[in-house]
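Fold and contact review
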Amino acid sequence: MPRVNRPYVGIPSFLRARICEDLSMLEAAIAVLGVPFDEGSPFMPGSRLAPRALREHSLRFYGSGQGYYDPETRREYLVEEMSQGLIADVGDVDIHPANAPRTFENITAMVRGILDRGALPVVLGGDHSITYPVFRAFDEKLHVIHFDAHTDYAPFENDLTITNSHAFRHIAGMDNTLSLTQVGIRSLRHSPAQVEEVIAGGNRVIPMGEFRRIGAEGIAALLPANSRVYVSIDVDAMDMSLVPGCVSAEPNGMSYVELRDSLKAIAERHDIAGFDFVEVNPPLDVGTGVTAYLGALTVVEFLGHICAQPRWAARRLRLRGDADLSS
């Protein structure tokens, strides 16, 4: 008799994917990595618990293990990935409390290990400081699209350089960053320099007014078609009414549909090199865990749209061919 596998049963790997504890043995197209780190958050802790919460809520999409079905499009997504074991959960980065540089080294090493095995890294934070050590693991040149209420472009001063307000100042200055596009920016807690310096560096800041004028397709069209892109998603890109479990939520944010459609348009137009989802804070969330649920849903749908593209289907075929050759 097959297992019922209710969401509250078993060990919560992401989408009940098999767990890989040794990256040298990773054989998957997609590797989900947790980064339970929140020492980059200068206000309130708690996002260290998000990777576990996101995994738990992802189990609600598991169903029969044959992918997930969207009644609106009348399509199933992630069928091959889930049924053929193409997703692996590689666990969490080892965290060194009160030693953020050492933790960041571990983050970079694990992401590099995923890339060395040819898998797509899907990273569950944690606060937004983690995007910097994640991105520096990539050797190839990439465009970066960043969804957030804030630019996270604070100046390096007062011995503060690796908080969740600094990640994209680091990334904008890296040799492998082709461009930085920041979408949903709206917080009144920016200094002028935190916005103007991004733009002066040749990058894009898309506030909510402009976002609503150009829409999801307009965001995707900001880059040449088929660009290699890294995407970073802060849950506070969405309106604060949707994300009670977020320390830095702001009003006038995106609806779920606006963010979902933007990610779908990016997946259709571009080649995604990896992505992260950050800043869910489970201790602040309401009893049903709606913010963690919304986060898991966002990750699952974005992954579904990435894997629905012809370029990904070709990658699956190559993986099958490699598996046949090795058997």
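What comes next concerns the included structure. (Residues numbered from 1 in each chain as written. Predicted model: local features only at pLDDT ≥ 70, side-chain atom pairs only at ≥ 80, totals over all residues. Heavy atoms only, no water.)

A short note on the nonpolar core
In summary, soluble globular proteins display a tendency toward joint burial of nonpolar side chains. Condition: Definition of nonpolar core: a set of buried residues of the types Ala, Val, Leu, Ile, Met, Phe, Trp, Tyr and Cys, connected through side-chain atoms within 4.5 Å. Only protein chains enter the area calculation, which uses a 1.4 Å probe; residues under 20% of their type maximum are buried, those over 50% are exposed, and those in between are partly exposed. In this description a helix means any DSSP run of H or I spanning at least four residues, a strand means any run of E spanning at least two, and both kinds are numbered starting from the N terminus. Only heavy atoms enter the contact rule, under which two residues are in contact if any of them lie within 4.5 Å.
I30, F147, V231, I233, F275, F302 and L303 are the most contacted members of the largest nonpolar core, which totals 61 residues. The dominant element in this core, judged by the number of residues it contributes, is helix α9 (residues 290–307), at 10 residues. Excluding anything up to four places from it in sequence, I233 contacts F147, L259, L263, F275, D276, F277, V278 and F302. Y132, F135, L180 and V195 belong to the second-largest nonpolar core, a separate cluster that totals 40 residues.

A few points about the environment of L33
With respect to the secondary-structure elements, L33 resides in strand β2 (residues 30–35). In this structure the C-alpha to C-alpha distance between L33 and T177, which are 144 residues apart in sequence, comes to 22 Å. Once you skip the residues sitting within four places of it in the chain, L33 turns out to touch R55, V90, G91, D92, V93, M110, V111, I114, V122, V123 and L124.

Brief notes about helix α1 (residues 50–58)
Counted residue by residue, α1 has seven buried out of nine residues, so it is predominantly covered. Among the residues of α1, those classed as buried are A50, P51, A53, L54, R55, H57 and S58. Buried residues in α1 make contact with β2, β5 (87–92), β6 (120–125), β11 (271–278) and α9.

Side note on helix α7 (residues 208–220)
Quick reminder of the rule: The span expected for a helix works out to 1.5 Å for each residue beyond the first. Take the seven residues that end at a residue and the seven that start at it, fit an axis to each, and the angle between those axes is the bend at that residue.
For α7, with 13 residues, the first-to-last C-alpha span of 15 Å runs short of the 18 Å given by 1.5 Å per residue. By the largest-angle criterion, I214 marks the main kink of α7, which is about 90 degrees. Taken as a whole, α7 has its buried residues at M208, F211, A216, G218, I219 and A220. Along its buried surface, α7 packs onto β7 (142–147), β8 (177–185), β9 (204–207) and α8 (256–269).

Notes on the pairing of strand β10 (residues 228–234)
Quick reminder of the rule: At least two DSSP bridges between two strands are required for those strands to pair.
Burial analysis of β10 places six of its seven residues in the buried class, which makes it a mostly covered element. In terms of strand pairing, β7 meets β10 through five bridges, oriented parallel. Looking at β10, one finds that H143 is bridged to V229. Bridging between β10 and β11 involves seven bridges; their strand directions are parallel. The residue of β11 that forms the bridge with Y230 is G274.

Regarding the sheet that holds β5
This is how the line gets drawn: Here, axes are lines fitted to C-alpha atoms. For helices the fit covers the stretch in contact, and angles between N-to-C directions go from 0 to 180 degrees.
Overall, parallel pairing links the nine strands, which are arranged β1-β5-β2-β6-β11-β10-β7-β8-β9 in an open sheet. The sheet terminates laterally at β1 (18–19) and β9, the two strands that pair on one side only. Bridging between β1 and β5 involves two bridges; their strand directions are parallel. Considered in β5, the bridge of R18 is made with A88. Against the sheet, α9 makes contact with β2, β5, β6, β10 and β11, and its axis sits at roughly 175 degrees relative to β11, the strand it touches most.

Topic: the packing of aromatic side chains
Heads up, the condition is: Any two rings among Phe, Tyr and Trp, with Trp reduced to its six-membered ring, count as a pair given centres within 6.5 Å; such a pair is stacked if its planes are under 30 degrees apart, edge-to-face if over 60, and tilted if neither. Consider the ring centre and the ring normal. A charge sits over the ring if Lys NZ or Arg CZ is within 6 Å of that centre and within 35 degrees of that normal.
All told, the structure shown has eight aromatic pairs when counted by the stated rule. Ring geometry for F275 and F302: centres 4.7 Å apart, planes at 55 degrees, overall tilted. In this pair, F275 is assigned in strand β11 and F302 in helix α9, connecting sequence segments 27 residues apart. In this pair, the class of F275 matches that of F302, namely buried. Cluster of aromatic residues (ring-pair linked, three or more members): F37, F104 and Y132. Taking the ring centre of Y132 as reference, the NZ or CZ of R136 above it sits at 5.1 Å. Directly above the ring of F156 sits R169, whose terminal nitrogen or CZ lies 6.0 Å from the centroid.

Here's the deal with the packing of α1 against α9
If you want to describe how two helices pack, look at the angle between their axes and the distance between the axes. Rules: With respect to orientation, any angle under 35 degrees is reported as roughly parallel, any angle over 145 as roughly antiparallel, any angle of 65 to 115 as roughly perpendicular, and every other angle as oblique. Under the convention adopted here, Pro, Cys and the residues Ala, Val, Leu, Ile, Met, Phe, Trp and Tyr are nonpolar, Asp, Glu, Lys and Arg are charged, and Gly plus all remaining residues are polar.
The geometry of α1 relative to α9 is characterised by a closest axis approach of 8 Å and an angle of 70 degrees between their N-to-C directions. Relative to α9, the element α1 is oriented roughly perpendicular. In this structure, α1 uses A53, L54, H57 and S58 to contact α9, whose residues at the interface are A292, Y293, G295 and A296. Among the residues forming the contact of α1 with α9, the class breakdown is five nonpolar, three polar and no charged.

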